[in-house]
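Now for the letters of each chain:
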Amino acid sequence: MASYYKRLKSDLNTCVESQIIDRQTAEKIYTKVYSPNLFAQLKAVQWIAILAGIFIAGGLSLIIAHNWEDIPNMVKMAGFLLIYATVAAIAIKTKNSKPLINAPTEVLWFFLPIIGIGLYAQIFNLSSDPAKPYLIWAILSLPLAFLSERKLLTSLHIILLFGLLFFNNFNAGNILSLKAASFQKNFHLMPWFSSIALIIAAFSQFSIKFKKTSSHLIIGFFLFWILLLFIFTTPFQLHGPGFKFLTAISLSIIWILSCELLNTRKTPAFAGWFLVIYTATFFWNWKPYSVPVETLPGIISSSLICVSSLAFIFLTPLKSLPNILHNNIVKIFLAYSALIFLPIALSTEVAVMKTVAIFANTALIAAGLLFIINGSKEFNEKRINTGVAIIFMVVITRFFDIFGTLLKSGIAFIITGIVMIFLAYLLNKGRKAIIEASKK
């Protein structure tokens, strides 16, 4: 990453010397590209200082641990508070003057509360649920994450908040547990309120510290959390594949369109969409089993998400596709990719599942063709390659589906390899032809 910024600086200087742009414009371009990056702002020497601080802290911890039983409890607590206050004072004092010292002390300041909580719990033999210490840590570190100018601390805090959700919402015996048989039995409002508060805190920090060009990450985390509500034992749990896949594809479409609205990176969202559709292609090998009756809250919520995604499709202007015809084709295609899962929401008979598998295959091939067509129109070789890769993956997967049982001898493997080479040759030849045609 550092070499990229060095090359960028060198290229901009070359443009200035060639009088293509002036010095002020070059500096603005470099600042625009460099500043949003989370790790680029920390120089190598600062990373070394952070690692040095971690090693020193680790060494001190080992020395203290070796003599732990001989240290009075009051001395332990007083020593920790002194260290905590010292680190905080150094971080505040060196905020604008000494970044080499400030970087490791701020990171250490961020992690010290959980050490103090563990120390307090050990001294007083406290046994509590596993979520509480980390929840207290998140609350104590919240002002630091907001007030610090370092995006690294904000990122660590956001990761901590979502980690609290993912590791505690779907497990029993903690303050954030959402596990419940139904709304009528064992349902508690406090875990839901706390979880929503953590999500709001994460989004608030992100909106203040990061540019919207990075928002695809936090949106993805949030939508993945929603999907888990339908998978694990919560009041919204779904049992059969139908509504689960309907929810997953709807959330992936919402993710793609959110990225489109915010003009941010769509690659992870497309990857999520592709994963759902590609998994559905294996329904061709479906083996029927008895599916428990779905929960009413799960069905209602899943249906609402599906309807919302369809509404989102037709109400969202696709700015990256100004051509009205292309815009409408992509919208129809996205709606089709969601609606193909409706049959298995109603029935999981083998014939229905195989039909959905066929629809999923056609959706992937259509996606590959759309990438190729759009790439050739916009002279985007990467998009063309993506489309070819999608089609090749579908073809080779189906090949193993059909002829996989024949792969029991060395000759069969050789024949398979020859077929794969032939397919790769044809697809690569077509790819090159499209790229050359788009350049003319």
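I will try to describe carefully the structure that is included in this document. If you're wondering where the values come from, they're calculated on a predicted model, not measured in any experiment.

**Regarding helix 10 (residues 241-262)**
Relative to the 32 Å expected for 22 residues at 1.5 Å per residue, helix 10 spans 31 Å between its end C-alpha atoms, a close match to the ideal helical length. Where helix 10 ends, the next residue or the one after it, Asn263, has phi of about 55°, a positive value.

**Regarding the packing of aromatic side chains**
Tallied over the full model, the rule gives 22 aromatic pairs. A centroid spacing of 5.0 Å and a plane angle of 70° characterise the contact between Phe245 and Phe283, whose relative ring orientation is edge-to-face. Placement of the pair is Phe245 in helix 10 and Phe283 in the loop between helix 11 (267-280) and helix 12 (296-315), with a sequence separation of 38 residues. Of the two residues examined, Phe245 and Phe283, each falls in the buried class. When the centroid spacing of 6.4 Å and the interplanar angle of 70° are considered together, the rings of Tyr336 and Phe359 count as edge-to-face. Highlighted residues: Tyr336 in helix 13 (residues 324-339) and Phe359 in helix 15 (residues 350-377), separated in sequence by 23 residues. The class for Tyr336 is partly exposed, based on a relative accessible area of 30%. Put simply, the rings of Phe110, Phe111, Tyr134 and Trp137 pair up and form one aromatic cluster. Note that Lys354 overlies the ring of Trp284, its terminal NZ or CZ placed 4.4 Å from the centroid.

**Re helix 9 (residues 215-231)**
For helix 9, built from 17 residues, the straight-helix expectation of 24 Å at 1.5 Å per residue is met to within 8% by its first-to-last C-alpha distance of 25 Å. Burial runs high along helix 9: 12 of the 17 residues are buried. Taken as a whole, helix 9 has its buried residues at Ser215, His216, Ile218, Ile219, Gly220, Leu223, Trp225, Ile226, Leu227, Leu228, Leu229 and Phe230.

**What to know about the pattern of salt bridges**
Tallying each qualifying case throughout the model produces one salt bridge. Between Glu260 and Lys266 there is a salt bridge whose closest N-O contact spans 3.3 Å. Given the relative accessible area of 5%, Glu260 is considered buried.

Reading the values: rules and limits
Residues numbered from 1 in each chain as written. Predicted model: local features only at pLDDT ≥ 70, side-chain atom pairs only at ≥ 80, totals over all residues. Heavy atoms only, no water. Helix = DSSP H or I, 4+ residues; strand = E, 2+ residues; numbered from the N terminus. Expected span 1.5 Å × (residues − 1). Phe/Tyr/Trp six-rings, centres within 6.5 Å; stacked < 30°, edge-to-face > 60°. Buried < 20%, exposed > 50% of the residue type's maximum accessible area, 1.4 Å probe, protein only. Lys NZ or Arg CZ within 6 Å of the ring centre and 35° of its normal. Salt bridge = Lys/Arg side-chain N within 4 Å of Asp/Glu carboxyl O.

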